[in-house]
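Listed below, chain by chain, are the residues.
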Amino acid sequence: MTALEVFRMTAKEFDDLEDSEVQKWIELVTPLISKRVFKETYEQCLALLAAHNLKMSGYGDTSVGTVDDSLRVSSYSEGSTSIGFSTSQSNNLAVDAEYTLTVYGLRYLTIRRLKIISIHSAGERR
């Protein structure tokens, strides 16, 4: 499947966007993902990151009660204004915090964690 086909299958809230517009967003995220590293999930990750970027840019369904909105604001009150978020940023690296704001970003992080295992070498010899 192409990234566009995966996008159309997984990001229904963007059905009103033309394929040419979606393809531009896919091209925008293409340099961010390694085809060699992500292998069979490469096209899926392109689609997820494109959908994430579209959502973060204000496209798609912004009505209350969508899956993405429930991941952002979990509670609020009016008197003295209080807002609670359902994603905990303390468990994410600062560079990954934005991905936790949409369901597409979370799906991408899940795949990335399966594909890329962080190993840090301090350069010490035993």
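Before reading on, note that the structure itself is shown above.
Residues numbered from 1 in each chain as written. Predicted model: local features only at pLDDT ≥ 70, side-chain atom pairs only at ≥ 80, totals over all residues. Heavy atoms only, no water.

Draft legend 1. Looking closely at the overall build of the protein chain. Counting secondary structure elements, the protein chain contains six helices and two strands. Seen in sequence order, the protein chain has helices and strands lined up from the N terminus as α-α-α-α-α-β-β-α. Nonlocal contacts in the protein chain, meaning residues at least 24 apart in sequence, comprise 53% of its contacts between residues at least 6 apart. Of the roughly 8,500 Å² of accessible surface on the protein chain, 53% is carried by carbon and sulfur atoms. (Helix = DSSP H or I, 4+ residues; strand = E, 2+ residues; numbered from the N terminus. Contact = heavy atoms within 4.5 Å. Areas by Shrake-Rupley, 256 points an atom, 1.4 Å probe, with all protein chains shown as cover.)

Draft legend 2. Local environment of the nonpolar core. Residues Phe7, Phe14, Ile33 and Tyr108 are the most contacted members of the largest nonpolar core, which totals 28 residues. Of all the secondary-structure elements, those providing two or more residues to this core are helix H1 (3-10), helix H2 (19-29), helix H4 (42-56) and helix H6 (103-115). Looking at this core element by element, the count peaks at nine residues for H4. Those residues in contact with Ile33 that lie beyond four places of it in its chain are Phe38, Tyr42, Cys45, Leu46, Leu49 and Tyr108. (Core = buried A, V, L, I, M, F, W, Y, C linked by side-chain atoms within 4.5 Å. Buried < 20%, exposed > 50% of the residue type's maximum accessible area, 1.4 Å probe, protein only.)

Draft legend 3. Structural view of H4. Taking 1.5 Å of rise per residue, 15 residues should cover 21 Å, and H4 covers 21 Å from first to last C-alpha, within 8% of that figure. Counting buried positions along H4 gives 12 out of 15 residues, so the element sits mostly inside the fold. Where H4 is concerned, the buried positions are Tyr42, Cys45, Leu46, Ala47, Leu48, Leu49, Ala50, Ala51, His52, Asn53, Leu54 and Lys55. Looking at the residues trailing H4, positive phi occurs at Gly58, about 95°. (Expected span 1.5 Å × (residues − 1).)

Draft legend 4. Looking closely at H6. The terminal C-alpha atoms of H6 lie 19 Å apart, and with 13 residues this matches the ideal 18 Å at 1.5 Å per residue to within 8%. Restricting attention to buried positions, one finds in H6 the residues Val103, Tyr104, Gly105, Tyr108, Leu109, Ile111 and Arg112.

Draft legend 5. Seen up close, the packing of H4 against H6. Between H4 and H6, whose axes approach to 8 Å, the crossing angle comes to 150°. The orientation of H4 with respect to H6, classified from their angle, is roughly antiparallel. The element H4 and its partner H6 pack so that their crossing is left-handed. Of the residues in H6, those touching H4 at Gln44, Cys45, Leu48, Leu49, Ala51 and His52 are Tyr104, Gly105, Arg107, Tyr108 and Ile111. Here the residues of the contact of H4 with H6 are counted per class, giving seven nonpolar, three polar and one charged. (Axes fitted to C-alpha atoms, helices over the stretch in contact; angles between N-to-C directions. Parallel < 35°, antiparallel > 145°, perpendicular 65-115°, else oblique. Left-handed = near helix turned anticlockwise from the far one by under 90°. Nonpolar A, V, L, I, M, F, W, Y, C, P; charged D, E, K, R; others polar.)

Any link to function would need more than the numbers given here.
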